[in-house]
Structure formats: C-alpha cells, structure tokens
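One letter stands for each residue in the lines below.
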Amino acid sequence: QLQLEESGGGLVQPGGSLRLSCTASGFRLDKHAIGWFRQAPGKEREFVAAEGNVGTNYADSVKGRFTISRDNAKNMVYLQMNSLKPEDTAVYYCNAGTHWGTSQPGPYWGQGTQVTVSS
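Throughout what follows, the structure given in this document is the object of discussion. (Residues numbered from 1 in each chain as written. Predicted model: local features only at pLDDT ≥ 70, side-chain atom pairs only at ≥ 80, totals over all residues. Heavy atoms only, no water.)

## Points about the pairing of strand β8 (residues 76–81)
At step 1: Among the six residues in β8, five count as buried, and that is most of the element.
At step 2: Bridge count between strand β3 (residues 18–25) and β8: six bridges; the pairing is antiparallel. What sits directly across from arginine 19, in β8, is glutamine 80.
At step 3: Hairpin connection between strand β7 (residues 66–71) and β8: a loop of four residues separates the two successive antiparallel strands, and asparagine 75 in this loop has a positive phi of roughly 55°. (Buried < 20%, exposed > 50% of the residue type's maximum accessible area, 1.4 Å probe, protein only. Helix = DSSP H or I, 4+ residues; strand = E, 2+ residues; numbered from the N terminus. Pairing = 2+ DSSP bridges.)

## Observations regarding unusual backbone geometry
At step 1: Residue serine 83 is not a glycine yet carries a positive backbone phi of 50°.
At step 2: The topology assignment puts serine 83 in the loop between β8 and β9 (90–96).
At step 3: The exposure class assigned to serine 83 is partly exposed, which follows from its relative accessible area of 41%.
At step 4: Positive phi, normally seen in glycine, also occurs at serine 103, with a value near 65°.
At step 5: Exposure remark for serine 103: the relative accessible area of 18% places this residue in the buried category.

## Topic: the state of the cysteines
At step 1: A full pass over the atoms with the stated rule returns one disulfide.
At step 2: Disulfide pairing places cysteine 22 opposite cysteine 94 at an S-S distance of 2.3 Å. Handedness of the cysteine 22-cysteine 94 disulfide follows from its S-S torsion of about -85°: it is left-handed. One end of the pair, cysteine 22, is in strand β3; the other, cysteine 94, is in strand β9, with 72 residues separating them in the sequence. Cysteine 94 matches cysteine 22 in its accessibility class, with the two residues each being buried. (Disulfide = S-S within 2.5 Å.)

Printed below as a string of structure tokens:
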C-alpha cells in the first residue's frame, strides 16, 4: 500500500512563510524523483517544484521564493514557501516519480493540503 500524505498547510498573510511536509509509506522515496504540484479552484493542476539526482527545478512563478528538499532517512519531502502571495493560494500536492525534465507528475500522489494566502 503506497501512500503520500501532506501536512503543514494553513492560512498565512501575504509576505509570510509556510513549510509543507509530505510523508511516504509503503515505498522508499530515495528511489524516486519528487515534486510538488498545486491546484487553485477553477484552475488546472500546475507544476511547482521538483527535485532529482541532477538538482532542482521550479516553476517561474515560485523561483526565488520556494525551496524543495527531502530527507530520505525519514522518507519525507518538504516545500519551504517564503514571500507568499495571494496567487499562491491552492491545494498543494506531493508527488513521487516526477519527471524532472518535463515537470510531468509521477504515479504517486498525496491527498493535498490547503494553503490560503490572505490578509
């Protein structure tokens, strides 16, 4: 039974910071490239960030503000989000098996965690 579970979402003011985490069970994250995607109401799911053995890749909209990382020993993935904007409001999803070069998702998904940026 392969699972990913996100946590750390919530309400934050514009300009604030938030760190999302994702825990994996049933498989080892060290064998997969990882990523984060997000989906706002009425919008398509979009790529946010990915990390693989050749480095990191970010959507232009979050470059310089978000940082993806992992801890293979803990089987966890993180997304540090700084300088948050209202347009960052979305449900954020953890993904394993992300295609680093194309930013397409792999087969493993979490259920998502809501991030709301508002004053």
